Amino acid sequence: MHATLPSAKALVPFVSVENMMRLVHHVGIEPFLKQLSDYIEQDFRRWESFDKTPRLASHSRDGVIELMPTSDGTNYSFKYVNGHPKNTRNGFQTVAAFGLLADVLNGYPILLTEMTLLTALRTAATSAMAARHLAPRNATTMALIGNGAQAEFQALAMKAVVGINHVRLYDIDPAATAKAARNLEGKGLQVTSCRTADAAIEGSQIITTCTADKQNAQILTDNLVGSGVHINAIGGDCPGKTELHPDILLRADTYVEYPPQTRIEGEIQQMSEDFPVTELWKVIAGLDSGRRDDRQITLFDSVGFAIEDFSALRYVRDKLSGTPFSQELDIVADPDDPRDLFGMLERAR
Ligand SMILES: NC(=O)c1ccc[n+]([C@@H]2O[C@H](COP(=O)([O-])OP(=O)(O)OC[C@H]3O[C@@H](n4cnc5c(N)ncnc54)[C@H](O)[C@@H]3O)[C@@H](O)[C@H]2O)c1
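Residues numbered from 1 in each chain as written. Predicted model: local features only at pLDDT ≥ 70, side-chain atom pairs only at ≥ 80, totals over all residues. Heavy atoms only, no water.

K.L.:
An account of the site of the ligand is requested, with residue identities and associated values reported.
P.N.:
Lining the immediate environment of the ligand, one finds 25 residues, of which Thr94, Gln150, Asp171, Asp237 and Lys241 sit closest. A distance of 3.3 Å is found between a nitrogen atom of the ligand and a backbone nitrogen or oxygen belonging to Ile172. At 2.9 Å, a side-chain N or O of Asp237 approaches an oxygen atom of the ligand. When grouped by side-chain class, the residues that make up the shell around the ligand number ten nonpolar, ten polar and five charged. (Near = heavy atom within 4 Å. Polar contact = N/O pair within 3.5 Å; in protein donor to acceptor, adjacent residues only side chain to side chain. Nonpolar A, V, L, I, M, F, W, Y, C, P; charged D, E, K, R; others polar.)

K.L.:
Before we move on, could you go through the pairing of strand S1 (residues 11–15) and cite the residues and values that matter?
P.N.:
Pairing of S1 with strand S17 (residues 327–330) involves four bridges; the strand directions are antiparallel. Each residue of the ladder has a partner; that of Leu11, found in S17, is Asp330. (Pairing = 2+ DSSP bridges. Helix = DSSP H or I, 4+ residues; strand = E, 2+ residues; numbered from the N terminus.)

K.L.:
Outline a nonpolar patch on the surface, supporting the account with residue identities and numerical values.
P.N.:
Where nonpolar side chains cluster on the molecular surface, the patch consists of Leu56, Ile65, Leu67, Tyr80 and Phe98 and spans about 440 Å² of accessible area. Position of Phe98 relative to the elements: it lies in strand S5 (residues 97–103). (Patch = residues over 30% accessible without salt bridge, like charges linked within 9 Å, V, L, I, M, F, W, Y side chains within 5 Å. Areas by Shrake-Rupley, 256 points an atom, 1.4 Å probe, with all protein chains shown as cover. Salt bridge = Lys/Arg side-chain N within 4 Å of Asp/Glu carboxyl O.)

K.L.:
Just give me the short version of the packing of helix H1 (residues 17–27) against helix H10 (residues 306–320), but keep the residues and values in it.
P.N.:
In contact at an axis separation of 12 Å, H1 and H10 are set at 75° when each is read in the N-to-C sense. It follows that H1 is roughly perpendicular to H10 by the angle criterion. The residues of H10 that touch H1, namely those facing Met20, Leu23 and Val27, are Tyr315, Val316, Lys319 and Leu320. (Axes fitted to C-alpha atoms, helices over the stretch in contact; angles between N-to-C directions. Parallel < 35°, antiparallel > 145°, perpendicular 65-115°, else oblique. Contact = heavy atoms within 4.5 Å.)

K.L.:
For the sheet that holds strand S6 (residues 109–114), give the residues involved together with the corresponding values.
P.N.:
Taken in spatial order, the seven strands of this open sheet run S2-S3-S4-S5-S6-S1-S17, and their pairing is mixed. Edge strands, defined here as strands with exactly one partner in the open sheet, are strand S2 (56–59) and S17. Averaged over all neighbouring strand pairs, the angle between strand axes comes to 20°, with direction disregarded. Across the sheet, helix H3 (residues 116–134) is in contact with strand S3 (64–71), strand S4 (75–83), S5 and S6; its angle to S6 comes to roughly 90°.

K.L.:
Break down the pattern of salt bridges for me, citing the residues and quoting the values.
P.N.:
Summed over the entire model, instances satisfying the criterion amount to 22 salt bridges. The salt bridge partner of Asp318 is Arg317, with a shortest N-O separation of 3.3 Å. Its relative accessible area of 29% is what places Arg317 among the partly exposed residues. Arg347 is paired through a salt bridge with Asp336; the nearest N and O atoms lie 3.1 Å apart. (Buried < 20%, exposed > 50% of the residue type's maximum accessible area, 1.4 Å probe, protein only.)

K.L.:
Please set out unusual backbone geometry residue by residue, giving values where relevant.
P.N.:
Even without being glycine, Asn138 reaches a positive phi, approximately 60°. Note on placement: Asn138 falls in the loop between H3 and strand S7 (141–145).

K.L.:
Lay out the packing of helix H2 (residues 29–45) against H3 in plain terms, naming residues and giving numbers.
P.N.:
For the pair H2 and H3, interaxial distance at closest approach is 8 Å and the crossing angle is 65°. Regarding the angle of H2 to H3, the classification is roughly perpendicular. In this structure, H2 crosses over H3, and the sense of that crossing is right-handed. Counting all contacts with H2, which are made through Ile29, Phe32, Leu33, Leu36, Ser37, Ile40, Glu41 and Phe44, the residues of H3 involved are Leu118, Leu121, Arg122, Ala124, Ala125, Thr126, Met129, Arg132 and His133. Here the residues of the contact of H2 with H3 are counted per class, giving eleven nonpolar, three polar and three charged. (Left-handed = near helix turned anticlockwise from the far one by under 90°.)

K.L.:
Would you mind going over the side chain of Thr262 in detail, with residue names and values included?
P.N.:
Mapped onto the elements, Thr262 comes out in helix H8 (residues 259–265). On the basis of relative accessible area, Thr262 is assigned to the buried category, the value being 0%.

Encoded structure:
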């Protein structure tokens, strides 16, 4: 019997959904979002040291399945993630994910984890990091349009990282707004539920759009957007799936993650191939000044990039140490003699 037991080399820490929930509460959701946003910021600052490629997307009629790889030369990571806007009608989520971190030195995995919760956390932490650099100073109020799975994470990250104290909710489905309002109760935010996008935007310095629809939607039209606001557009993240009227992009200064991916997937897919954008990492590294004045409209055209997942995996790996929030899985075959894989198979006879 002992012969089939794996050695330490075979074992990879695995974070289940249950353990991820425990880890988040162990750290505290706002500290988690704040610390994760700091990890993402560290990696954006050393952007040039990463291998980068637009994610590999497999499109179908109802959605997309994507692989998102990157490496900094020491670690390698990838995330598997889907996007199926109609899923919620059948009791499935729009977005579900898992991911892996590996050691570049020998190619062995060092962490396998659920990433559905982690994607919502890292998307919110990235939005808040961008807003911290681009939103008007002392922003206190945000509009949150689209009150689905990502919504509460977005609101709490803006509170933890930017200092927002008021969130104005709107969704075409009032049940989604009621759900978000309920979940945000007692979290230190004033919550206003609105009946229109127009009402949600009133008095907001930050406008987050996180709707899901497989089409070129116009969640925001140009006349709704006043000067000086910061728009955090996260729902337009696939070819043929956008949220903003193109006229908004003509008035705004647009910041993106990785242009070769965003030009395919982001709001800027509606514009010409040479439409001017600024890479967000340059603002964070101090190579671009970011917001210039109070009247400027800034737009973070977010699609989600592999480096954010790399940072999230790195953060979870660091936070796990000394906690009981993982289990060891023998996902790497482990022969006694590395070249005797067949001999290892024979152990279980
Ligand atoms: N940029 C990123 O990094 C990133 C990461 C994760 C998810 N996303 C995208 O964010 C979006 C939201 O994801 P989710 O998991 O919250 O989806 P979800 O399906 O749980 O929620 C989407 C919500 O949008 C609402 N909605 C649809 N059309 C609307 C409209 N015209 N006006 C107002 N509300 C509308 C729906 O009623 C629903 O409540 C998706 O498009 C997803 O692909 C982006």
